[in-house]
Amino acid sequence: MTPGVTPIVAGNWKMNGTAASLDEIGDVCAGLDAEDTLPHETLLCVPATLVERAAAVAAESALSIGGEDCHAKESGAHTGDISAEMLADAGASFIIVGHSERRTDHGETDAVVAAKAEAVWRAGLTAIICVGETREEREAGKAEEVVGAQLAGSVPAAMTATNAVIAYEPVWAIGTGLVPSNDDIGAMHTFIRKTMSSRFGAEGEAVRILYGGSVKPGNAAEIFAIANVDGGLIGGASLKAADFLAICDGINA
Ligand code: PEP
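All figures in this text were calculated on a predicted structure; none of them were measured in a lab. Along each chain, residue indices are assigned from 1 in the same order as the chain's sequence is written. At least 70 in pLDDT is required for a residue's local features to be given in this predicted model, at least 80 for side-chain atom pairs to be given and counted, and no such filter applies to totals for whole chains, interfaces and linings, which use all residues. Excluding hydrogens and water, the side-chain figures rest on all heavy atoms present in the structure.

1. What to know about the state of the cysteines
- When the sulfur atoms of two cysteines come within 2.5 Å, that pair is taken as a disulfide. Summed over all chains, the structure comprises zero disulfides.
- There is no disulfide at cysteine 70, and the cysteine sulfur nearest it, in cysteine 45, is 11 Å away.
- Note on cysteine 70: relative accessible area 2%, which makes it buried.
- Counting only cysteine sulfurs, cysteine 45 is the nearest neighbor of cysteine 130, a cysteine outside any disulfide, at a range of 9.0 Å. Classification of residues uses two cut-offs on accessible area relative to the type maximum, computed with a 1.4 Å probe and protein chains only: under 20% is buried, over 50% is exposed, and between them is partly exposed.

Written out as structure tokens, the structure is:
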């Protein structure tokens, strides 16, 4: 954890969830509301079809709702796309950009990710900007080089500690049950902190850096205790309220 920053536990539902899943969001809200004090911010990023209904369920609670992606433009002839302004209108306060599944499935480059982050800011929301190396890149000893290049290309110059969150997600750890060693997580988060601080000064010192990749109730506390890990981005384990709340308990455990 970084001294003085409020950690954030963020879920990413990916392409999962229908109206029937809103009960899980209600259960997360109830679980958060039962706590006297919350040492973290809490966010669920859900499919665009659910943002408005999820935001209504979470309206009186400590839970924020986010989107999983957006188009870089505000409006126009982009059939099937959704703008940051539309997600803001539906009740989102954060949007994930540059998730590795978008980079891989949709060929999103660092420049595209940077344009999307700027779109998130144009709409007045916070961007969760994802970076992370593949297994081959790690084995070739290039993890820091790859992540450094992604940060340089994906994080726009107007970044601040309040308009952005960085998520380090090694591609090979997402949805696989594989997790880097605590030493490797710590080394990469320290590298990201140094990179952000040298480019952005005090804003880079304070920007939250989340770890993502197979975080579960059983490993959350030890991961969140690593220096410069300011919370997590949680995929599969965010789909069930009980698991997500147990992961939240890993902050300050
Ligand atoms: C993710 O989708 O960002 C993620 C980290 O997934 P999982 O927790 O399932 O590995």
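The rest of the description comes next.
2. Some words on the site of the ligand
- Near is defined per residue: the residue qualifies when any heavy atom it owns lies within 4 Å of the molecule or strand. Around the ligand there are 14 residues in total, and Lys14, Glu169, Gly175, Ser214 and Gly235 lie nearest to it.
- Contacts described as polar in this section are N or O atom pairs within 3.5 Å, which, within protein, must combine one atom able to donate a hydrogen with one able to accept it, while residues neighboring in sequence count only if both atoms come from side chains. Residue glycine 235 places a main-chain N or O atom 2.8 Å away from an oxygen atom belonging to the ligand.
- Within the backbone of glycine 236, a nitrogen or oxygen atom sits 2.9 Å from an oxygen atom of the ligand.
- Contact with the protein chains covers 98% of the free accessible surface of the ligand, which is 290 Å².
- For the shell around the ligand, the residue count by class is four nonpolar, eight polar and two charged. Using a 1.4 Å probe, the Shrake-Rupley method yields the accessible areas, and only the shown protein chains count as cover for residues. Each residue gets one of three labels, nonpolar for Ala, Val, Leu, Ile, Met, Phe, Trp, Tyr, Cys and Pro, charged for Asp, Glu, Lys and Arg, and polar for the others, Gly among them.

3. Quick word on the pairing of strand β6 (residues 164-168)
- With respect to burial, β6 is a largely interior element, five of its five residues being buried.
- The helix count covers DSSP runs of H or I at least four residues long, the strand count covers runs of E at least two residues long, and both are numbered beginning at the N terminus. Alternating residues of β6 divide into Ala164, Ile166 and Tyr168 and Val165 and Ala167, and every residue in both groups is buried.
- Where strand β5 (residues 126-131) and β6 come together, five bridges link them in parallel fashion. Each residue of the ladder has a partner; that of valine 131, found in β6, is tyrosine 168.
- Strands were regarded as paired on the criterion that DSSP finds at least two bridges between them. In terms of strand pairing, β6 meets strand β7 (residues 208-212) through four bridges, oriented parallel. The residue of β7 that forms the bridge with alanine 167 is leucine 210.

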